Every structure is written in structure tokens, then in C-alpha cells.
Amino acid sequence: MVPLLFILYVNDITNTTNVLDFTLFADDTTILYSHKDIASHIDLINDELDKVSNWFKANKLSVNTSKTNYDYGYTSCDFN
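Residues numbered from 1 in each chain as written. Predicted model: local features only at pLDDT ≥ 70, side-chain atom pairs only at ≥ 80, totals over all residues. Heavy atoms only, no water.

**Examining helix α2 (residues 42-58)**
Working step 1: Between its first and last C-alpha atoms α2 spans 24 Å; for 17 residues at 1.5 Å apiece the expected length is 24 Å, and the two agree.
Working step 2: Phi turns positive one or two residues past the end of α2, at Lys-60, with a value near 55 degrees. (Helix = DSSP H or I, 4+ residues; strand = E, 2+ residues; numbered from the N terminus. Expected span 1.5 Å × (residues − 1).)

Below, the structure written as C-alpha cells:
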């Protein structure tokens, strides 16, 4: 697929959810979610990722699992 057409094709992935944040660059997509108590939002995150998965299926695309990573972490800040 021509690069510009590909970008236009995948650009609407950001419309799949209002909860997750997307960063698109060329053919790379980063999905972000942040919250003070992330553990309490696991079900919400999974539901939103199901929406993203459905978008991939509807557009006949697949995730390259050998290039897919996830990171779970937190930072504790005390500004006092």
C-alpha cells in the first residue's frame, strides 16, 4: 500500500475509543492509558482494547505480535 494511503487508512483508529490515547507515526502505533490507580481500571482497559481489536478485524489488519510490547509501571511523586 502506498504510504500516504496507509496513513489515511489507519488514521481513524483513534476514533475507536475516547479512553485510550494514540500516537501514530508512519506504520507504528502507540496506545497509552494513565491513571493514579491503574489496577482498578484493568477491566476498563481490556474493554477498550477489545474495541481496538475489533477495529483491526473490521479493517482486515493484524497486529505483528513479534513487534508488540507493553509496559506497566508507575511513578510515585511527592511534591510536598
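This is not the end of the story, as more comes after the structure.
**Here's the deal with the environment of Asn-69**
Working step 1: Position of Asn-69 among the secondary structure elements: in the segment after α2.
Working step 2: With 39 residues separating them along the chain, Asn-69 and Thr-30 place their C-alpha atoms 9.6 Å apart.

**So, the packing of aromatic side chains**
Working step 1: Under the counting rule described, the total for this entry stands at 1 aromatic pair.
Working step 2: Taking 5.2 Å as the distance between ring centres and 90 degrees as the angle between the ring planes, the aromatic pair formed by Trp-55 and Phe-56 counts as edge-to-face.
Working step 3: Trp-55 sits in the buried class, given a relative accessible area of 9%. (Phe/Tyr/Trp six-rings, centres within 6.5 Å; stacked < 30°, edge-to-face > 60°. Buried < 20%, exposed > 50% of the residue type's maximum accessible area, 1.4 Å probe, protein only.)

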